[in-house]
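Structure at a glance
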Amino acid sequence: MIASFLLFDNYTTETEDLAKYRRKLRKELDPLALEDTAFRKKFRISKEIFLDILEKIAPFITPKHNRGLSAKQKLAATLKFLAQGSYQQGVGNDFTVPMGQSTFSEIFDETVRVMERELKECITLEMTELEKQEARRFFYSKSGIPGVVMAADGTHIRMVAPNENAVLYFNRKGFYSLNALLICDHRNLIRYVNAKYSGSNHDAFIFEESPANLFFEERWREGDRQCKILGDSAYPSKPWLLRPFANSQPNSVEAEYNFKHAKARVIIEKTIGMLKGRFRCINGERQLHYTPTKCVRIVNVCCALHNLCIINRITELE
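Scope of this entry: the structure provided in the associated data block. (Residues numbered from 1 in each chain as written. Predicted model: local features only at pLDDT ≥ 70, side-chain atom pairs only at ≥ 80, totals over all residues. Heavy atoms only, no water.)

Examining the overall build of the chain
When you go through the chain residue by residue, the secondary structure sums to ten helices and five strands. Looking at the chain residue by residue over its 318 residues, the buried ones come to 50%. Excluding contacts between residues fewer than 6 apart, the proportion of contacts in the chain whose partners are at least 24 apart in sequence is 65%. Surface exposure of the chain reaches about 16,400 Å², of which carbon and sulfur atoms provide 51%. (Helix = DSSP H or I, 4+ residues; strand = E, 2+ residues; numbered from the N terminus. Buried < 20%, exposed > 50% of the residue type's maximum accessible area, 1.4 Å probe, protein only. Contact = heavy atoms within 4.5 Å. Areas by Shrake-Rupley, 256 points an atom, 1.4 Å probe, with all protein chains shown as cover.)

Examining the packing of aromatic side chains
Two numbers describe a pair of aromatic rings. These are the distance of the centres and the angle of the planes. According to the stated counting rule, one finds 16 aromatic pairs in the structure shown. A ring pair is formed by Phe-81 and Tyr-290, whose centres lie 6.1 Å apart and whose planes are at 80°; its orientation type is edge-to-face. Here the residue Phe-81 occupies a position in helix α4 (residues 71–84), and Tyr-290 occupies one in the loop between α9 (253–278) and α10 (292–311), the gap between them amounting to 209 residues. The class of Phe-81 is buried, set by a relative accessible area of 6%. The interplanar angle of 65° and the centroid separation of 5.1 Å between the aromatic rings of Phe-245 and Tyr-257 together place this pair among those described as edge-to-face. Of the two residues, Phe-245 sits in the loop between β5 (241–242) and α9 while Tyr-257 sits in helix α9, which places them twelve residues apart along the sequence. The class of Phe-245 is partly exposed, set by a relative accessible area of 45%. (Phe/Tyr/Trp six-rings, centres within 6.5 Å; stacked < 30°, edge-to-face > 60°.)

Remarks on the packing of helix α3 (residues 47–57) against helix α5 (residues 101–118)
Between α3 and α5, the shortest axis-to-axis distance is 10 Å and the interhelical angle comes to 100°. By the angle between their axes, α3 is roughly perpendicular relative to α5. In this structure, α3 contributes Ile-53, Lys-56 and Ile-57 to the contact, and α5 contributes Thr-111, Val-114, Met-115 and Glu-118. (Axes fitted to C-alpha atoms, helices over the stretch in contact; angles between N-to-C directions. Parallel < 35°, antiparallel > 145°, perpendicular 65-115°, else oblique.)

Some words on the pairing of strand β2 (residues 177–184)
For β2, the buried fraction is high: eight of the eight residues fall into the buried class. Here β2 shows no split at all, with Ser-177, Asn-179, Leu-181 and Ile-183 on one side and Leu-178, Ala-180, Leu-182 and Cys-184 on the other all buried. By the bridge criterion, eight bridges tie strand β1 (residues 148–158) to β2 in an arrangement that is antiparallel. The partner of Ala-151 across the bridge, within β2, is Cys-184. Of the pairings in the sheet, the one linking β2 to strand β3 (residues 190–194) comprises four bridges and is antiparallel in character. Bridge pairing links Cys-184 to Ile-190 in β3. Connecting β2 to the antiparallel partner β3 that follows it, the hairpin turn spans five residues, and Asn-188 within it adopts a positive phi of roughly 70°. (Pairing = 2+ DSSP bridges.)

Looking at the environment of Asn-163
Tracing the chain through its elements places Asn-163 in the loop between β1 and β2. Spatially, the C-alpha atom of Asn-163 lies 8.2 Å from that of Thr-291, the residues being 128 residues apart in sequence.

What to know about the side chain of Asn-171
As for its position among the elements, Asn-171 is in the loop between β1 and β2. Side chain to side chain, Asn-171 and Ser-177 meet in a polar contact 2.8 Å long. Ignoring sequence-local partners within four residues, the contact set of Asn-171 consists of His-156, Ser-177, Gly-199 and Ser-200. (Polar contact = N/O pair within 3.5 Å; in protein donor to acceptor, adjacent residues only side chain to side chain.)

Here's the deal with the nonpolar core
General note: in soluble globular proteins, nonpolar side chains tend to be found buried as a group. With 65 residues, the main nonpolar core has Ile-53, Leu-82 and Leu-305 as its most contacted residues. The dominant element in this core, judged by the number of residues it contributes, is α10, at eleven residues. Filtering out sequence-adjacent residues up to four positions away, Leu-305 remains in contact with Ile-53, Leu-79, Leu-82, Met-115, Leu-119 and Phe-279. The next biggest cluster of nonpolar side chains, apart from the first, holds 21 residues, and it includes Met-127, Val-149, Trp-220 and Leu-241. (Core = buried A, V, L, I, M, F, W, Y, C linked by side-chain atoms within 4.5 Å.)

Side note on the pattern of salt bridges
Here the structure, examined in full by the defined rule, presents 19 salt bridges. The closest approach of N and O atoms between Lys-294 and Asp-109, which form a salt bridge, is 3.8 Å. Pair noted here: Lys-294 is in helix α10 and Asp-109 is in helix α5, with a separation of 185 residues, a long-range link. Sharing partners across several salt bridges, the network here consists of Asp-109, Arg-113, Glu-116, Lys-294 and Arg-297. (Salt bridge = Lys/Arg side-chain N within 4 Å of Asp/Glu carboxyl O.)

Here is the structure:
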């Protein structure tokens, strides 16, 4: 019994020492001290973007006491997790943002929630006239179809089975997920994301229920014939939502149309690949261990960060 108490005391002492060591490191180390390339590789964004985000969110995530983490440390830890998708491989073993798992769990929800709110303007279906012209020119050069400005597709975000209504999240591919609708433009900029639907929902249903459907429908009713989008055969047929022909015959006009349609629509597949490659927490190799609501926030934040990278011409990981 005495030996057991001694072991417990030793464990407690070691844990306290580690916590003190991490707090000491946090005071001494600054992630912004990293070389630019190393910083982008670790956090997936540039230092300039990091500082811009920090300025937006700092007032809402300041430390509550002297021993608390600074807004900079919270942002760095959150970005590191989004980049790696794992506490152990990301934050837990990274002494540029040293903290224990319990500490990270406490600050992660707070930081992601604030980031989602403060970065939401980075994702919009609204386009300037110049953006529309450039988009139509791009899609026409690929497909020969006039008036196209965006492309849509769905992608599954793997997650652990939720505690409630788990069967709704089990998709046809055999795992639990959110089925996220994404719409992008010619620059790989994500113009719309809706990740709130469970994995068992069909792409067509998600699109019909989304505000994006109403957005394009209203423009068509107002007489705008230069605001079309491309979708695959899973989507509903609409005058402004262009799908490939079903059962086209080889060497037919329909087959030629489908070939050009696919050539243009590949932009959304590339965009999704870029998004998941940059933020590995949402790629197929990882699964999110959070509630569906928090998973939706994570997807939204990753999409906003992706757009900031595109806007600032950070298109390749190094």
